[in-house]
Amino acid sequence: MEDEESNTAKKCASKTKSFTGNRSAHAYHYHHQLLQSSNRLAYGYGYGFGYGYQNLHQTYPALLPLPPSIPLHLTLTPPFLQNHSFESKTQFRKSSLEKNNPRTATSSDSHVRDFSVSQAEIEIQKKISLPFDERNGRKTADAKPKVLAVARRPDSGGVEGRVVSLLANHFLVQFDPSQRIFHYDVEISPNPSKEISRMIKRKLVEENSARLSGALPVYDGRRTIYSPVQFQHDRLEFYISLPIADGKPVLMCIESINPQENMQHKIFRVSMKLVSKFDGESLSGYLNQGDGITPLPQEYIHALDVVLRESPTEKCIAAGRSFYTSLIVGEKEIGGGAVALRGFFQSLRPTQQGIALNVDFLVTAFHESIGVIPYLQKRFDFMHDIFQNKARSLTNEERKEVEKAIKNIRVFVSHRETVQRYRVYSLTEEVTENLSFLDRDGTKLEVVGYFKDHYDYDVQYRNLPCLQISRRKACYLPMELCVICEGQKFLGKLSDDQTVKVLKMGCQKPRERKKIITSVMEGSFGPTSGDHGKEFKLEVSKEMTRLTGRILQPPKLRLGNGGHVRNLTPSRHDRQWNLLDSHVFEGTRVDRWAILSFGGTSDQKSCIPKFINQLSQRCEQLGIFLHKNTLVSPIFESMHVLGNARLLESKLKKIHKAAFNNLQLLICVMERKHKGYADLKRIAETSIGIVSQCCLYSNIGKLSTQFLANLALKINAKVGGCTVALYNSLPSQIPRLFRQDNPVIFMGADVTHPHPFDDYSPSVAAVVGSVNWPSANKYVSRMRSQTHRQEIIQDLSTMVGEILDDFYEELSKLPQRIIFFRDGVSETQFEKVLHEELEAIRHACSRFPSYNPRITFAVVQKRHHTRLFPYDQTDPSFTENHFSDENIPPGTVVDTVITHPKAFDFYLCSHWGVKGTSRPIHYHILCDENEFTSDEMQKLVYNLCYTFVRCTKPISLVPPAYYAHLAAYRGRLYLEHSDSNASNRTSTVSRTSPAKTTPLPELAENIRKLMFYC
C-alpha cells in the first residue's frame, strides 16, 4: 500500500540562542533543569532522535547545540520572571556582576566552560529540581509536582514471531570519548549569505593554518565552528578578501551597481571566540548507563553531525538535512519549470548499538535554474503569447499568478559578473517602461534608460513588471536579466503529472535502493569522504547494520457468510484475502439512495443504468443490500455546477427534498476531478446531512470487479457497516490487560496544515475513537480548526470528552483504558506534545466523577528514513514466499539494535510493499500507564492493522491514526471553496500578520456518528 515517496527533512536552523543580563542565569537555569530532571518531564533524559531539544517554553530546532552547562553556584537562582524572554543573538552577554568586575580574556577565562557532566552534578541537579507549573510553563518553588509517567522499554524486546536476518540503513559511528571538541562562536561582518560564508571559511582555513594550530575545523554555515584542537588564542580576528562587488542597493533605486565595481574585492571581518570545550564522555555514559538521569549531550551530537556534513555540504546542494547531486544518476526535468534531483538524507541517531548515521536515498523537486522568462513560460501558457508579442502586458489575474509563482525565489543577474543573490519579494505595480527611480544625487532616471546607459542593454520585455528585490526599498530588476539560482526546492504543490514523475524516480526496489545508499557511503561526495572525520577521530562504518527482526503471525479474521460467521487466516505472502466466497462481517441495508452525474459524454451517461445494476449485484455478493432502484431517477448536471457552491447546494437540497429528506446515500459520478469536490462534501455533510460517495466516469466505463468491490466496501463503512473483525477478540489475545466487561477505547489524532505558500488558512485537528468493544472497528470523529500551523491540538480536551460521551451512549460504560495514537509529531515535539496533550486527555476524563482510566500515549511516525532490507536471500523466511528481490514481509518488527537505547519504541512493517521499498512505521510509546510488554503492544498494533474498513489487506498504519488523518483531511476540505476570491486571499497576507481562525461548520446530526470520512 505504501510505496516510496520522496520526502526530505525540514530545514533545521542551528543558530544558538543567548540571554541578556541577569536573565541569563534565570533562563538558563530553567532550561538546564528541564533537560536533566527526567523525573519531572517526559524526555528530560534525552529522548531525541533528531537531536533537537524542545522544552515547554521554547522550541529548539533539530541538532541545535545547547547552552553551556550552568555552573553549580548558580543552580539555586530563582526562576525567571514571567515577562522575561529569550533573545535571538548567539553571543552570550555578560551578567551584571561581570560588567562591574571586568576581566581580561585569557585561555583560562571562566566564560569558557568545560562541559563534561559529572555524576555529582547530575545528582545535585536531580535533588534541587523545582516542580513545574503546567499553566504557564514555568518552574515554580511552590507549585505542586506533577509526575508524568514516562515509558521506558519494559523489557529487552519482544520474542514472539519467526526470527529473520535483516539489514538497516544505519551505519555505526565509532568515536573517541576522550577527544575534545572546541566550540568557537563566529561573527562575520558584513553579514554574508550562506554560500559566501562557506567561501570565507574555506579561504580563512587555507591562509591561516598556523593561527588555527594546523586544525581542519568544520563550519555549520552560520555562527559555529568546531575544531579538534584549540586555536592559538581564545579570541581571533581575521580579514578575508573576496572578489565580490559591493553592490549595496540604495533607496528608490534599481540594483544600482557601477560597472567599475565588478573587479573590486570585498573585505569581511571574521571574529572568533571560544565559548566551550567538551569531550564525548557524557555521550558514552548516556549510551552505556541505564539510569535514565544522564541527559543526551546535545552539543556533542551536534558537533559530530556538523563534522559528518562538512564534506557533503562542500560537494552537493544542501537542503535541510539532505544533499542532492547529479552524481547519483543525474537530474530529470518534470515539467512546469521543475526538475527532480536525486540525493541522500543523513542524520545521527542514538541507538542500542551506539551512535549511528541514518542514510537514505530520496528524490525531490527543485526549481529549474534557468532565466526567469523561460521559467515562467514553462509554468504558464499565457507567457508564450508574451514571448511572441513582446508588447503584450499581463492581465491582473496573470500578474497575480506570476507573482505567486516567483515570490520568495532567489535569483542572480546575468548582465554583470557577481556572486550576489537576491530574493524576490513581489512584482512592481508598474511595467518596466514606466518605472523610474532617484539616483544618489536626486536625479530621476528611467529603468529602461539606466540599463542602456550603464550596460548598453536594450530591455526587451518593457511591458512586463520588474522584480522587486527588497522588502522596504524600491529596488528593481527586469525579469529578462534574472536567472533562478540552483538548489531551491519546489515548495508549491506539484501537479499530478509532476508527482507521478517524482515518485517514479524515487520508487526503487529494495536491492536498487540498497545499492544507491552503499554508493553514497563509498562515494566521493558522501559523509565518509574528506578528512574531517579523521581529524575528530571518527570512524564511520560503510556497512549497513545487520540485525534480527521477527515476523509476527497474522491474526484469524471474522467474516460473514450468509448470516453465519466464517473465520479466515490470511495465508498469502502479502497477507491479502478476498471476499469471493465470503461476506463482509457486518453488511448494511441501503434502501434510499440516488445518483447525481456531473458532466460526461452521452456514451458515458448511458452507462449509468448498467452501473446501478452491477453495483447492486456486487453489494449483494458481499452481504450488503443496495436497492436495485434509486429513490429518484438519475440526475444529470454539467460540470460548471461543481464550480458554483450556491448552485450546487440548491441542487443537493432539491434531491434531498425529492427523497422526502430521508436519503441514506448519494453517489456522485464526475467527468473528471474538480475542486468543487470540497464544496460537495462540505454541503452534503454539514448543511444537508447526506452520506456521499464520489467516483469518476473513467472507472465506471471499465466496471471491473475490483473497482465495484472497493466502492461497495466504502459505502458499507460510511453508512454504518464494517468489513472485518478479529476472530479472537482482543481480551482473548491480551488477557493480562483486556477484559470483556472492562471496555477499552482506541483513539487516534492528527493535525493537517495548509500548503507551504498558504500564510492564512488555519490548521485542522481531528480525533477519532472506537465506540464498540471488543470489536473496536467502528470509530466516531471530531474535527476542529486551530491556529495556523499549530501542531499541538488546542481543543483536544473537548474533542476527547465528546468522544467519551459517544462511547458511553453506545456501551453504557466509560472505557477503563485509553490507547491513544498520535500522528504527525516530529521527535523534537515529543516532550511538548506529551505534556500538553496528555494533560488535555486527563482533563477530559476529569469531567466524569471518579473517572481515572489508564492511558497509553503513543506517537506514530511515517516520515522517517529507516529502511529494512532482507539480509540473507537464502533465508527460508524469504525464499518460501519469493522475497528474493522484494520487500520485507508484513508483520516484520524490529525493537533492538537500531531502536532508542532507553525509550519504548519499535519499527513495524505491517503491510506488503507493492512498489518501491517498504517504509516501516516507527512507534514511540511515550506514556504507558497500562504497562504493556513489547510483545503485547506489537501484537495489538499489528492485529489492529487488519481491521481497516476500506480494504482486504493489512494497512501500513494503525487504523486509529489512519482514520484521524482521513478525518483531518476532510476538515481541510470544509475550509476550501471553489470561489475564485478564496483562492487569492492568501497572497496579500504576510507571514507575521496574525491569522484569524475560521471555525469548521458543524456536522449534521445524522452524519456525526458515521465514518463518513472513509
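Residues numbered from 1 in each chain as written. Predicted model: local features only at pLDDT ≥ 70, side-chain atom pairs only at ≥ 80, totals over all residues. Heavy atoms only, no water.

**Student:** Explain the overall build of the protein chain to me, using residue names and the numbers behind them.
**Tutor:** The secondary structure content of the protein chain amounts to 26 helices and 45 strands. Classification of the 1014 residues of the protein chain by burial places 58% in the buried group. When contacts within the protein chain are restricted to residue pairs at least 6 apart in sequence, long-range pairs at least 24 apart make up 76% of them. Just so you have it, the protein chain exposes about 41,500 Å², and 48% of that area is on carbon and sulfur atoms. (Helix = DSSP H or I, 4+ residues; strand = E, 2+ residues; numbered from the N terminus. Buried < 20%, exposed > 50% of the residue type's maximum accessible area, 1.4 Å probe, protein only. Contact = heavy atoms within 4.5 Å. Areas by Shrake-Rupley, 256 points an atom, 1.4 Å probe, with all protein chains shown as cover.)

**Student:** For the pattern of salt bridges, give the residues involved together with the corresponding values.
**Tutor:** In the structure shown here, the tally under the stated rule is 51 salt bridges. The residue D741 makes a salt bridge to R739 at a minimum N-O spacing of 3.1 Å. Assessed through its relative accessible area of 47%, R739 is described here as partly exposed. Three or more residues joined by partner-sharing salt bridges are found here, namely R782, R784, D795, E802, D806, E1005 and R1008. (Salt bridge = Lys/Arg side-chain N within 4 Å of Asp/Glu carboxyl O.)

**Student:** Talk me through the environment of E539; I want residue IDs and the actual numbers.
**Tutor:** Position of E539 relative to the elements: it lies in strand 26 (residues 538-540). Residue classification places E539 among the exposed positions, given a relative accessible area of 58%. On a C-alpha basis, the gap between E539 and Q174 in space is 5.0 Å, while along the polypeptide they are 365 residues apart. Non-local contacts of E539, meaning those with residues more than four positions away in its chain, are made with L172, V173 and Q174.

**Student:** Would you mind going over the sheet that holds strand 33 (residues 635-637) in detail, with residue names and values included?
**Tutor:** Spatially, four strands are ordered 33-31-34-35 in an open sheet, and the strand pairing comes out parallel. If you trace the sheet from one side to the other, it starts and ends with strand 33 and strand 35 (691-696), each paired once. Taken pair by pair, the neighbouring strands of this sheet meet at an average axis angle of 20°, ignoring direction. As defined by bridge partners, strand 31 (residues 593-598) adjoins strand 34 (residues 665-670) across six bridges and the pair is classed as parallel. By the bridge assignment, I595 is partnered in strand 34 with I667. Lying on the sheet, helix 15 (residues 608-621) is in contact with strand 31, strand 33, strand 34 and strand 35; it crosses strand 31 at an angle near 140°. Most of the contacts of helix 16 (residues 645-658) go to strand 31, to which it runs at about 150°, and overall it touches strand 31, strand 33 and strand 34. (Pairing = 2+ DSSP bridges. Axes fitted to C-alpha atoms, helices over the stretch in contact; angles between N-to-C directions.)

**Student:** Describe the confidence of the model for the protein chain, with residues and values.
**Tutor:** Keep in mind that low pLDDT regions are not for reading the predicted coordinates in detail. Here the protein chain averages 84 in pLDDT, and 80% of its residues register 70 or above. With pLDDT under 50 throughout, residues 1-110 is counted as low confidence; its partners more than four residues away or in other chains account for 320 contacts. Segment residues 116-145: pLDDT under 50, and 74 contacts once partners within four positions in sequence are set aside and those in other chains are kept. (pLDDT = per-residue confidence, 0-100.)

**Student:** Could you give an account of the packing of aromatic side chains, with specific residues and numbers?
**Tutor:** Tallied over the entire structure, the rule returns 25 aromatic pairs. For the ring pair F738 and W773, a centre distance of 5.7 Å and an interplane angle of 85° mean the geometry is edge-to-face. Of this pair, F738 sits in the loop between helix 20 (730-733) and strand 37 (744-752) while W773 sits in the loop between strand 38 (763-770) and strand 39 (779-786), and the two are 35 residues apart along the sequence. By relative accessible area, which is 1% here, F738 ends up buried. A residue is classified by how much of its surface remains accessible, and W773, at 10% relative accessible area, is buried. Among the aromatic residues, those joined into a ring-pair cluster are Y779, F948, Y962, Y963, F1012 and Y1013. The ring of Y727 is capped by R558, whose NZ or CZ atom sits 4.9 Å from the centre of that ring. The ring of F625 carries R589 above its face, with NZ or CZ at 3.9 Å from the centroid. (Phe/Tyr/Trp six-rings, centres within 6.5 Å; stacked < 30°, edge-to-face > 60°. Lys NZ or Arg CZ within 6 Å of the ring centre and 35° of its normal.)

**Student:** Quick one: what's the story with the nonpolar core, residue by residue and with numbers?
**Tutor:** Grouped together as the largest cluster of nonpolar side chains are 93 residues, with contacts concentrated most on F611, I667, F738, F746, Y963 and Y1013. It is helix 25 (residues 959-975) that provides the largest number of residues to this core, a total of nine residues. Formed by 74 residues, the second largest nonpolar core is a distinct cluster that contains L357, Y461, I516 and F869. (Core = buried A, V, L, I, M, F, W, Y, C linked by side-chain atoms within 4.5 Å.)

**Student:** Help me get a handle on helix 17 (residues 677-688), residues and values and all.
**Tutor:** Here helix 17 spans 16 Å end to end across twelve residues, near enough to the 16 Å set by a 1.5 Å rise per residue. When you tally the buried positions in helix 17, you get ten out of twelve residues, the bulk of the element. Those residues of helix 17 that sit buried are A678, D679, L680, K681, R682, I683, A684, E685, T686 and I688. Looking at the buried residues of helix 17, the elements they touch are helix 16, strand 34, strand 35, helix 19 (705-718) and helix 25. Of the residues flanking the end of helix 17, it is G689, one or two places downstream, whose phi is positive at about 95°. (Expected span 1.5 Å × (residues − 1).)

**Student:** Go over the sheet that holds strand 25 (residues 482-484), please, and point to the residues and values.
**Tutor:** Reading across the sheet, the three strands line up as 19-18-25 and stay open at both edges, with antiparallel pairing between neighbours. The open sheet has two edge strands, strand 19 (422-423) and strand 25, and neither has a second partner. Strand direction decides the pairing type here: strand 18 (residues 410-413) and strand 25, joined by three bridges, are antiparallel. Bridged to F412 within strand 25 is V483.

**Student:** Requested: an account of the pairing of strand 23 (residues 465-468), with residues and values cited.
**Tutor:** In this structure, strand 20 (residues 426-431) lies alongside strand 23, joined through three bridges in antiparallel fashion. Bridge pairing in strand 23 links L427 to L467.

**Student:** Any details on the packing of helix 17 against helix 25? Residues and values, ideally.
**Tutor:** It is at 8 Å that the axes of helix 17 and helix 25 come closest, and there the two elements cross at 100°. Relative to helix 25, the element helix 17 is oriented roughly perpendicular. Here Y677, A678, K681, R682, E685 and T686 of helix 17 come into contact with helix 25, specifically with R970, L973 and Y974. Within the contact of helix 17 with helix 25, the residues separate by chemical class into four nonpolar, one polar and four charged. (Parallel < 35°, antiparallel > 145°, perpendicular 65-115°, else oblique. Nonpolar A, V, L, I, M, F, W, Y, C, P; charged D, E, K, R; others polar.)

**Student:** Describe the side chain of N208, listing the residues and the values that go with them.
**Tutor:** Relative to the helices and strands, N208 is located in the loop between helix 4 (194-207) and strand 9 (218-219). By relative accessible area, which is 15% here, N208 ends up buried. A distance of 2.9 Å separates the side chain of N208 from the backbone oxygen of L204, its partner in a polar contact. Sequence-distant contacts of N208, that is, excluding residues within four places in its chain, are made with F238 and I240. (Polar contact = N/O pair within 3.5 Å; in protein donor to acceptor, adjacent residues only side chain to side chain.)

**Student:** Any chance you could break down the packing of helix 15 against helix 19 for me, citing the residues and the numbers?
**Tutor:** Viewed as axis vectors pointing N to C, helix 15 and helix 19 meet at an angle of 70°, and their least axial separation amounts to 9 Å. Relative to helix 19, the element helix 15 is oriented roughly perpendicular. Crossing of helix 15 against helix 19: the hand is right-handed. Together, F611, Q614, L615, R618 and C619 of helix 15 and T705, F707, L708, A709, L711, A712 and I715 of helix 19 make up the contact between the two elements. Among the residues making up the contact of helix 15 with helix 19, the classes are represented as nine nonpolar, two polar and one charged. (Left-handed = near helix turned anticlockwise from the far one by under 90°.)

**Student:** Can you break down unusual backbone geometry residue by residue, with the values?
**Tutor:** Cis geometry is found at the peptide bond from S189 to P190, where omega equals -5°. One can find P190 in the loop between strand 8 (181-189) and helix 4. Residues W773 and P774 are joined by a peptide bond in cis, for which omega reads 10°. The residue P774 is located in the loop between strand 38 and strand 39 in this model. With phi around 60°, F660 is a residue other than glycine that occupies positive phi space. Relative to the elements of secondary structure, F660 occurs in the loop between helix 16 and strand 34. Residue F660 is classed as exposed on the basis of its relative accessible area, which comes to 70%.

**Student:** Go over a positive patch on the surface, please, and point to the residues and values.
**Tutor:** On the surface, a cluster of positive charge is made up of R423, R471, R472 and K473. For R471, the position within the fold is in the loop between strand 23 and strand 24 (476-478). (Patch = residues over 30% accessible without salt bridge, like charges linked within 9 Å, V, L, I, M, F, W, Y side chains within 5 Å. Lys, Arg positive; Asp, Glu negative; His and termini not counted. Charge placed at Lys NZ, Arg CZ, Asp CG, Glu CD.)

**Student:** Could you give an account of the environment of R513, with specific residues and numbers?
**Tutor:** If you trace the backbone, R513 turns up in helix 12 (residues 510-522). Along the backbone, R513 and D360 are 153 residues apart, and their C-alpha atoms lie at a distance of 8.4 Å.

**Student:** Give me the environment of V459: which residues, what numbers.
**Tutor:** Relative to the assigned elements, V459 resides in the loop between helix 10 (447-455) and strand 23. Leaving out residues up to four positions away in the same chain, V459 has contacts with T432, V448, F451 and E480.

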